[in-house]
Amino acid sequence: MRKIGLIGGMSWASTELYYRHLNKGVQKRLGTACSAPILMESLNYCELSRISTPEQWAHAKEVLTASARRLEEAGATALMIAANSMHKVAEDVAAAISIPLLHIVDETGEKMKADGIKAAAVIGTRNVMTEPWFRQRLVRHGLTLAPYDASRAEEIDRIIYEELMLGKVNESSRRTMKTFITDIAKQDVQAIVLACTELVMLVDTDANVLPIYDTTRIHVAAGVDWILGDAP
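Computed from a predicted structure; not experimentally measured.

1. Quick look at helix α7 (residues 150-162)
Its 13 residues give α7 an end-to-end C-alpha distance of 18 Å, which sits within 8% of 18 Å, the value for a rise of 1.5 Å per residue. Among the residues of α7, those classed as buried are Arg152, Ala153, Ile156, Asp157, Ile159, Ile160 and Tyr161. Considering only its buried residues, α7 is in contact with β4 (119-124), α5 (126-130) and α8 (171-184).

2. Let's talk about the sheet that holds strand β6 (residues 191-195)
The strand order across the open sheet formed by 4 strands is β5-β4-β6-β7, and the pairing between neighbours is parallel. Edge positions in the sheet fall to β5 (144-145) and β7 (212-214), since each of these pairs with one other strand and no more. Bridge count between β4 and β6: 5 bridges; the pairing is parallel. The residue of β6 that forms the bridge with Ala120 is Ala191. Across the sheet, helix α9 (residues 215-227) is in contact with β6 and β7; its angle to β7 comes to roughly 50°.

3. Concerning the packing of aromatic side chains
Under the defined criterion, the tally for this structure stands at 1 aromatic pair. Taking the centre distance of 5.6 Å and the plane angle of 85° together, the rings of Trp133 and Phe134 count as edge-to-face. Each member of the pair, Trp133 as well as Phe134, carries the same accessibility label: buried. One cation-aromatic arrangement involves Arg2 over Trp226; the distance from NZ or CZ to the ring centre is 3.6 Å.

4. Quick word on unusual backbone geometry
For the peptide bond that leads from Met10 to Ser11, omega is 5°, which places it in the cis range. The residue Ser11 is located in the loop between β1 (4-8) and α1 (12-30) in this model. The phi dihedral of Arg50 falls on the positive side, at around 55°, and the residue is not glycine. With respect to the helices and strands, Arg50 occurs in the loop between β2 (38-42) and α2 (54-73).

5. What to know about the sheet that holds strand β3 (residues 78-81)
The strand order across the open sheet formed by 3 strands is β2-β1-β3, and the pairing between neighbours is parallel. Looking at which strands have only one partner, the edges of the open sheet turn out to be β2 and β3. Averaged over neighbouring strand pairs, the angle between their axes works out to 20° when direction is ignored. Direction of pairing for β1 relative to β3: parallel, over a ladder of 4 bridges. Counted as the bridge partner of Leu6 is Met80 from β3. Packing against the sheet, α1 makes contact with β1, β2 and β3, and its axis sits at approximately 175° to β2.

6. Brief notes about helix α4 (residues 104-114)
Considered for burial, the residues of α4 that qualify are Ile104, Val105, Asp106, Thr108, Gly109 and Met112. Buried residues along α4 sit against α1, β4, α6 (132-139), β6, β7 and α9. At the exit of α4 stands Gly116, carrying a positive phi of roughly 80°.

7. A look at the packing of α7 against α8
Contact pair α7 / α8: the axes reach a minimum separation of 11 Å and the direction vectors enclose 145°. Two packed elements cross with a definite hand, and for α7 against α8 that hand is left-handed. Of the residues in α8, those in contact with Arg152, Glu155, Ile156, Arg158 and Ile159 of α7 are Ser173, Thr176, Met177, Phe180, Asp183 and Ile184. Considered class by class, the residues forming the contact of α7 with α8 number 5 nonpolar, 2 polar and 4 charged.

8. Details of the environment of Leu79
Mapped onto the elements of the fold, Leu79 is located in strand β3. The buried category is assigned to Leu79, whose relative accessible area is 0%. It is 9.8 Å that separates the C-alpha atoms of Leu79 and Arg69, two residues lying 10 residues apart in sequence. With near-sequence residues (within four places) excluded, Leu79 lies in contact with Gly5, Ile7, Ala68, Leu71, Val93, Ile97, Ile99, Pro100, Leu101 and Leu102.

9. With respect to the pattern of salt bridges
Tallied over the entire structure, the rule returns 17 salt bridges. Residues joined in a network through salt bridges with shared partners are Arg50, Arg126, Glu154, Glu155, Asp157, Arg158, Glu162 and Glu163.

10. Let's talk about the nonpolar core
Within the largest apolar cluster, 47 residues are counted, with the highest numbers of intra-cluster contacts made by Met10, Leu64, Met86 and Ile123. Of all the secondary structure elements, the ones that give two or more residues to this core are α2, β3, α3 (90-95), β4, α7, α8 and β6. Here this core gets 6 residues from one element, more than from any other, and that element is α2. Counting 32 residues, the second largest nonpolar core, distinct from the first, contains Met80, Val105, Leu145 and Trp226.

Cut-offs and rules
- Residues numbered from 1 in each chain as written.
- Predicted model: local features only at pLDDT ≥ 70, side-chain atom pairs only at ≥ 80, totals over all residues.
- Heavy atoms only, no water.
- Helix = DSSP H or I, 4+ residues; strand = E, 2+ residues; numbered from the N terminus.
- Expected span 1.5 Å × (residues − 1).
- Buried < 20%, exposed > 50% of the residue type's maximum accessible area, 1.4 Å probe, protein only.
- Contact = heavy atoms within 4.5 Å.
- Pairing = 2+ DSSP bridges.
- Axes fitted to C-alpha atoms, helices over the stretch in contact; angles between N-to-C directions.
- Phe/Tyr/Trp six-rings, centres within 6.5 Å; stacked < 30°, edge-to-face > 60°.
- Lys NZ or Arg CZ within 6 Å of the ring centre and 35° of its normal.
- Left-handed = near helix turned anticlockwise from the far one by under 90°.
- Nonpolar A, V, L, I, M, F, W, Y, C, P; charged D, E, K, R; others polar.
- Salt bridge = Lys/Arg side-chain N within 4 Å of Asp/Glu carboxyl O.
- Core = buried A, V, L, I, M, F, W, Y, C linked by side-chain atoms within 4.5 Å.

As C-alpha cells, then:
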C-alpha cells in the first residue's frame, strides 16, 4: 500500500470522517485486519476559519503549503486536503510539492461526467457556493451549475460553522436542509453537489429527491484507490 498524506483539522469533524472512511475503504477491499497508511497533520482551525481577505488567504496558503511539505518529507506519496473550502489554495500547494495532490473538485467533476450529469446545483460553505474558483473548476468537467440563492447560502454557511463544525447536529437544521434540497430539486438540475464534508451529518446522501454527489465520499474513494495502487 502507498502512504497518503492528509491535511486535516479544518474542521476536526470533517477530518474524523476522512480518517474513518479511508480506513473503512481499505478494510472493505483488503480485509478486516487492514488499515490505511495515513500521515496526518491536524491544523489549528482558529486561524483558518471563515477567512475572507486576500491577506488571510495568503496566510492560509503559507500554512497549508508548509504542512504539505512536512507530509511529503515524512514519506507521503500523495496529498489530500480534508476540506472543500481550503481547496481555494490547492493549486498553490500542489505547485510547492513534488507528489500528486488529489483535488476534490476534479475527482467530483470526473465522477459526475462519467455518470452523464450535465446540470447540477452546489451546496456548501458560502465561499464554495458563491466564488468562481470552485464553480469554474467544476464547469471545466462539462457541467452547467444552477445559480445560487444568497439567503440560502448564508443560512447553510451559518449551520456549517456555528453547528456542524462544533459537532452539533440540530433537528431543526436537518429539516431546513431537507427543505432547501427539495426547493433546489424544482430547478432544472439533475443532481446536487454536496460540497461540504460536515453536511453529511445532516443530509442523507442516499435518500433524497435528486442524486447527491458527496464530494467527501468521492474524494475518499480516490484516496483509497491511490493507497491501493489503483490510481496512476
